[in-house]
Amino acid sequence: MVQGRVFSFWLLVVLIGSMLYGMWRARKGIAIKIRRIAGLNAIEEAVGRATEMGRPVHYTPGLGGISAAEATQTFAALAIMGHVAHLSARMDVPLIVTIRQPEVLPLAEESVRQAYLEEGKVDAYVPTNIRFLSNQQFAYAAAVFGIMAREKPAANFLMGAFWAEALMLAEVGSEVGALQIAGTAQLSQVPFFIAASDYCLIGEELFAGAAYLSGDPTQMGSIFGQDLGKAIVALLMLAGVIATNMGSSFFSTLLGK
Amino acid sequence: MNVSTSAEVWIASLVTIAIMSFVYKDNPFYRLVENLYVGVSAGHALVLGWGNIRDLALVPMVRDGKWVLVIPVILGLMLYTRYFKKLAWLSRIPLAVMMGIGTGLAISGTVGSQIVNQVRANLVKLNTIDNIIIVVGTFAVLAYFFFMAEHKGALGVLAGGGRYLMMVAFGAAFGSTVMGRMSLFIGRLQYLFGDWLGLIR
């Protein structure tokens, strides 16, 4: 094994084990409850607001693709988008989805179409509302500004991976009076979403939110597994801090292996 | 006043002003530049895409005999089958490959950089205020991200502290980024008033 990666490997095995255990529990039917996340509870309120105001909902699954390190954020954003699409179909409110990465387009189209189908509103599905704009970061952002300024969504969802355009997107949404719910695991962009949005899913809340909204027992079980993994890491850290303060370098050596 | 005579500088300056005019409100000049930007970037992407196919696939295959590269080329072509109803299911295969790669990349980087290195950074002597804040802060923020338990009692106090600590960190990050953005804005103003209008040097 590569020196310096041995401990990471075994920790990964333990974390995967805890996830599998969580999924097994969920499949056995053991109820899993997660704590209240304000941003998730506000999704229905935001779509309802759009219905009352007769204005559309705008959703972006971020600027990340599906084959890079940010892929997990895009998947989580697409899962939340499915829930928003269900609500939009149910409440008869147009859903505009703007896409930056070409490979995300078919996934978004499929997800929204499926939601409309499941709600029995397939005729209300408008394919042209799922819009690929540009794969160039600021060209995409400029096009989203234009769409928001002209179509004035009453609810604006910014979920997934964002970079320097994050504050600008949230600012324009705020300018047109949209109720904004944002979520990203790009920690450098979280401050902007907190400042300019009504609700913000911080880091892992995005992934937990996606699993929670899916209602899928396997995904819910993965949240349990993640919490178990975090508890293991916290215990490891606690033992390491105590050992270090007692003069032992055991944990430093162990983690360096 | 020494106004630039370069067409390039004039175009860049007028486009900059048109984009900035959005701060006032949506207008025809912004719309023109918005469409120009999207169109130019589409053309740019097309040229880059062709360059990638030529340099990373066609040339290595034909010139160097690396025929294994035909696999990603076929996977790429399969993406277009979504336009044919009977073959549309084939487009899911390359998407699944890409999603698999994305998930694998995310996992491989996460354990080492975001877990092991974080734990190692906390193995410090608790003999300074800084070190105590680092260790207690890490536990507090970690407590905030437990989802299976309501934030009540001791966990609630710890998670609440974690939330405040995160807000302090986000505030600092916000301030430093805004300063960075201001310097970008100043750079554009220098371009407009210096390179274009020649009012400043």
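Each value, and the rule that gives it
- Residues numbered from 1 in each chain as written.
- Chains lettered and ligands numbered in written order.
- Predicted model: local features only at pLDDT ≥ 70, side-chain atom pairs only at ≥ 80, totals over all residues.
- Helix = DSSP H or I, 4+ residues; strand = E, 2+ residues; numbered from the N terminus.
- Contact = placed C-beta atoms within 7 Å.
- Rg over C-alpha atoms; globule rule 2.2 N^0.38 Å.
- Buried ≥ 20, exposed ≤ 12 C-beta atoms within 10 Å, placed from the backbone.
- Domains from an automatic or database assignment.
- Nonpolar A, V, L, I, M, F, W, Y, C, P; charged D, E, K, R; others polar.
- Pairing = 2+ DSSP bridges.

Chemist: Before we move on, could you go through the overall build of chain A and cite the residues and values that matter?
Modeler: Secondary structure assignment for chain A yields 10 helices and 6 strands. With the C-alpha coordinates aligned to their principal axes, the bounding extent of chain A is approximately 65 × 40 × 30 Å. Contacts spanning at least 24 positions in sequence make up 71% of the contacts within chain A whose residues lie at least 6 apart.

Chemist: I'd like a description of the overall build of chain B, backed by residues and values.
Modeler: Each helix and strand in chain B was counted, giving 6 helices and 0 strands. Going residue by residue from the N terminus, the α and β elements of chain B occur as α-α-α-α-α-α. The C-alpha atoms of chain B give a radius of gyration of 27 Å, which is well past the 17 Å a tight globule of 201 residues would have. With respect to the principal axes defined by its C-alpha atoms, chain B has extents near 65 × 60 × 35 Å. Counting only residues that meet the buried cut, chain B has 13% of its 201 residues in that class. Within chain B, counting contacts between residues at least 6 apart in sequence, those at least 24 apart form 23% of the total.

Chemist: Break down the domain arrangement of chain A for me, citing the residues and quoting the values.
Modeler: In many reports, interface size means the accessible area that the parts give up when they come together. All names here are of chain A. According to the domain assignment, chain A contains domain 1 (6–31 + 216–256) and domain 2 (38–214). Each of domain 1 and domain 2 has a C-alpha centre, and the two are 32 Å apart. Its residues assigned to classes, the side of domain 1 that touches domain 2 comprises 2 nonpolar, 2 polar and 1 charged.

Chemist: Now, about the pairing of strand E2 (residues 95–99) of chain A: what can you tell me, with residues and values included?
Modeler: Residue and element names in this part refer to chain A. The buried fraction of E2 amounts to 5 of the 5 residues, a majority that puts the element mostly inside the structure. Neither face of E2 is left uncovered, since the one carrying Leu95, Val97 and Ile99 and the one carrying Ile96 and Thr98 both have all their residues buried. Pairing analysis gives 3 bridges linking strand E1 (residues 57–60) to E2, with the strands arranged parallel. Its bridge partner being in E2, histidine 58 is matched across the sheet by isoleucine 96.

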